[in-house]
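Coordinate inspection notes
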Amino acid sequence: WGGPQKRYAARKFFIYTLVGSLLGLVALVGLILARSSLDGNQITFNMLDLVRNTIANGSPDYALQYWIFLGLFAGFAIKVPLFPFHTWLPLAHVEAPTAGSVLLAGVLLKLGTYGFLRLCLPLLPEATVQIGIPLVCTLSIIGIIYGALCALAQDDIKKLVAYSSVSHLGFCMLGLFSLNAEGITGSVLQMVNHGLSTGMLFLIVGMVYDRYHSRSLKEMGGLASKLKLIGFFMVFACMSSAGLPGLNGFVGEFLCLAGIWKIHPIYTIWAAVGVL
């Protein structure tokens, strides 16, 4: 199901996510084995037990954490997706049917950020601080600005929403790797908010396409005068996505920026450019 390039989009998505997931799986098995040697040869996959054991018995050696973090990073960065691992996303969004785009935006992309939150942050603390903060924050900033500029250049309205999605996920990752209460709270909130506002935008784009049989912005002049209700909800969803105070996007983005301001004000300034 989907657009004319659906097979190419599906193949590209499959290869990206398969390679990333395999690397992530190998790293995860390595992490479990490293933990078992520290925890009296007890093997457990329970995340709460793993966190408790990390607090009680310490973390694996930094060199081992380094490689485990990079393996998990490969898997989760593709799912987020972080720049430059994002190239599968615009194509998959554009070629997928409306329901597929909504599931991608609302569910799949959150698995990457959730993986970082539940595995990398609590179980690999030294690697998260030493590698994670500079690497992830830098890629997030690039993704925020690059995604926003790519969105500005689009004529296809669905591709525009897809690139804005890349930009918004950069805020989630920035908040997460600020490693403080404001940033992590904002990141989790923004995961939910992004799923709602971007999912809503994809649904509206699907409704417009059913009526216009085109996604070109050049052919949509005067849309609100013809489709008043859809026009109203499109503006509402766009304002939410842009982070208008009073709507859901504002709180998450503000907390993410407040969190990263505490550790790297310069990152906050660059991220704020993405909002504009």
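What this report covers is the structure whose coordinates are included nearby. Residue positions within a chain follow its written sequence, with the count starting from 1. Given that this is a predicted model, residues contribute local features only at a pLDDT of at least 70 and side-chain atom pairs are listed and counted only at 80 or more, while totals for whole chains, interfaces and linings are drawn from all residues. No hydrogens and no water enter the side-chain calculation; it runs on all heavy atoms of the structure.

Brief notes about the packing of aromatic side chains
Worth spelling out the cut-off: In this scheme Phe, Tyr and Trp rings, the latter by its six-membered ring, pair at centre separations within 6.5 Å, and the angle between planes marks the pair as stacked below 30 degrees, edge-to-face above 60, and tilted otherwise.
Under the definition given, this model contains 10 aromatic pairs. An aromatic cluster is built from Phe69, Phe73, Phe76, Phe85, Phe116 and Phe177, whose rings are joined through pairwise contacts.

Re helix 7 (residues 157-176)
Rules: Under the DSSP-based scheme used, a helix requires at least four consecutive residues in state H or I and a strand at least two consecutive residues in state E, with every element numbered from the N terminus. Expected span of a helix, by definition, is 1.5 Å for each gap between consecutive residues, and there is one gap fewer than residues. Between buried and exposed lies partly exposed: a residue is buried under 20% and exposed over 50% of the maximum accessible area for its type, with that area taken using a 1.4 Å probe on protein chains only. Polar contacts, as counted here, are pairs of nitrogen or oxygen atoms within 3.5 Å of one another; within protein the pair requires one atom able to donate a hydrogen and one able to accept it, and residues that are adjacent in sequence qualify only if both atoms are side-chain atoms.
Relative to the 28 Å expected for 20 residues at 1.5 Å per residue, helix 7 spans 29 Å between its end C-alpha atoms, a close match to the ideal helical length. In terms of burial, helix 7 is a largely internal element, 18 of the 20 residues being buried. The opening residue of helix 7 is Asp156, an N-cap whose side-chain oxygen sits 2.8 Å from the backbone nitrogen of Lys158.

Focus on the packing of helix 8 (residues 181-212) against helix 11 (residues 248-263)
What counts is decided by this rule: Interaxial angle, 0 to 180 degrees, is taken between N-to-C directions of lines fitted to C-alpha atoms, where a helix line uses only the stretch in contact. Each angle receives one of four descriptions, namely roughly parallel if under 35 degrees, roughly antiparallel if over 145, roughly perpendicular if within 65 to 115, and oblique otherwise. For a crossing to be left-handed, the near helix must be turned anticlockwise from the far one by less than a right angle; the clockwise case is right-handed. Contact criterion: two residues are considered in contact whenever any of their non-hydrogen atoms come within 4.5 Å of each other.
Here helix 8 crosses helix 11 at 150 degrees, and the two axes come no closer than 7 Å. One finds that helix 8 runs roughly antiparallel with respect to helix 11. Viewed along their axes, helix 8 and helix 11 form a crossing whose handedness is left-handed. Contacts from Glu182, Gly183, Thr185, Gly186, Ser187, Leu189, Gln190, Asn193 and Leu196 in helix 8 reach Asn248, Gly249, Val251, Gly252, Glu253, Leu255, Cys256, Gly259 and Lys262 in helix 11.

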